[in-house]
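Reading the structure
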Amino acid sequence: MIQVIYKLFYLTLLLSCSRLYATQFQTGDLIFQTSKSAQSQVIQLATHSPYSHMGMLVNKNGKLWVLEAIQPVKYTAFQAWVNRGVQQKYVVKRLYKNLNLQQQVALQKHAEQYLAKPYDIYFEWNDQAIYCSEIVWKAYKNALGIELAPLQQLKDFDLSHTKVKALMQQRYSKSVPLQEQVISPKALFDSKLLKTIKVQ
């Protein structure tokens, strides 16, 4: 009986937290974390930033979700997404001007077109596969005509570290596409169009 009561209390607490987050954050907010994935350290080294993964927050049916490009692109419950990050730390940012409901719906709709697509380990700019910062940049561009940050090329990153070189060789062999257009989590984190809402 005590176990049942404890489980009910825990579920109630989770639902309360979910509703609290849903009111604190809005659809279209960007969330950043340091991922524990195999390529996380390489991204950090190449971009000189601790933030190696990100997603877009979406409020659905009173609950908060992160629409993210992993394998495959999907919705992840907010707390589950936070729990995956290093020390469960995260930063949430928002466009400098608040989005109205119509803009939020448009963002969600454009981002959802990538659901179930595979994660793009080659960081290509086409839509056949997609990576975390790419889906967010394209959603804002296609839905609202907003370019959150200037696009870069692979050659703009620091590719000098041995771990970065090793991953590049593993994925591209000797033909690294240095001219490929890319957008990094760091570029979006540093965007002058965004303001920080929460640091956890």
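Scope of this entry: the structure provided in the associated data block. Here the structure is a predicted model, which is why all the values come from computation and not from measurement.

1. Some points on the overall build of the protein chain
- Secondary structure summary: the protein chain contains seven helices and eight strands in total.
- In the protein chain, 70% of the contacts between residues at least 6 apart in sequence involve partners at least 24 apart.
- Total accessible area on the protein chain is roughly 10900 Å²; 56% of this is exposed by carbon and sulfur atoms.

2. A closer look at the nonpolar core
- If you look at the biggest cluster of nonpolar residues, it comprises 44 residues, and the most contacted ones within it are Leu30, Ile135, Val136, Tyr140, Leu148, Ile183 and Leu188.
- Among the elements that take part in this core, helix α5 (residues 132–144) stands out by supplying six residues, more than any other.
- Discounting residues that sit within four places of it in the chain, Val136 has contacts with Leu30, Met54, Gly55, Met56, Leu148 and Leu188.
- Counting 10 residues, the second largest nonpolar core, distinct from the first, contains Ile31, Leu57, Leu64 and Val82.

3. Brief notes about the packing of aromatic side chains
- This structure, assessed with the given rule, holds nine aromatic pairs.
- With centroids separated by 5.1 Å and ring planes inclined at 90 degrees, the aromatic side chains of Phe32 and Phe189 adopt a geometry described as edge-to-face. Residue Phe32 is located in strand β1 (residues 30–33), and its partner Phe189 is located in helix α7 (residues 185–189); the two are separated by 157 residues in the primary sequence. Residues Phe32 and Phe189 agree in their burial class; the two are buried.
- Sitting above the plane of the Phe189 ring, Lys93 keeps its charged end 4.0 Å from the centroid.

4. Details of the packing of helix α2 (residues 40–47) against helix α6 (residues 162–172)
- Contact pair α2 / α6: the axes reach a minimum separation of 9 Å and the direction vectors enclose 115 degrees. At the point where α2 passes α6, the crossing takes the left-handed sense. Taking contact as the criterion, the partners of Gln41, Val42, Leu45 and Ala46 in α2 are, on α6, Lys163, Val164 and Leu167.
- For the contact of α2 with α6, the class distribution of residues is five nonpolar, one polar and one charged.

5. Observations regarding the environment of His161
- Within the secondary structure layout, His161 lies in the loop between β6 (152–153) and α6.
- In this structure, the C-alpha to C-alpha distance between His161 and Val42, residues 119 residues apart in sequence, is 8.5 Å.
- Within the local environment of His161, its side chain forms a polar contact with the backbone nitrogen of Lys163, the two atoms lying 3.0 Å apart.

About the thresholds
- Residues numbered from 1 in each chain as written.
- Predicted model: local features only at pLDDT ≥ 70, side-chain atom pairs only at ≥ 80, totals over all residues.
- Heavy atoms only, no water.
- Helix = DSSP H or I, 4+ residues; strand = E, 2+ residues; numbered from the N terminus.
- Contact = heavy atoms within 4.5 Å.
- Areas by Shrake-Rupley, 256 points an atom, 1.4 Å probe, with all protein chains shown as cover.
- Core = buried A, V, L, I, M, F, W, Y, C linked by side-chain atoms within 4.5 Å.
- Buried < 20%, exposed > 50% of the residue type's maximum accessible area, 1.4 Å probe, protein only.
- Phe/Tyr/Trp six-rings, centres within 6.5 Å; stacked < 30°, edge-to-face > 60°.
- Lys NZ or Arg CZ within 6 Å of the ring centre and 35° of its normal.
- Axes fitted to C-alpha atoms, helices over the stretch in contact; angles between N-to-C directions.
- Left-handed = near helix turned anticlockwise from the far one by under 90°.
- Nonpolar A, V, L, I, M, F, W, Y, C, P; charged D, E, K, R; others polar.
- Polar contact = N/O pair within 3.5 Å; in protein donor to acceptor, adjacent residues only side chain to side chain.

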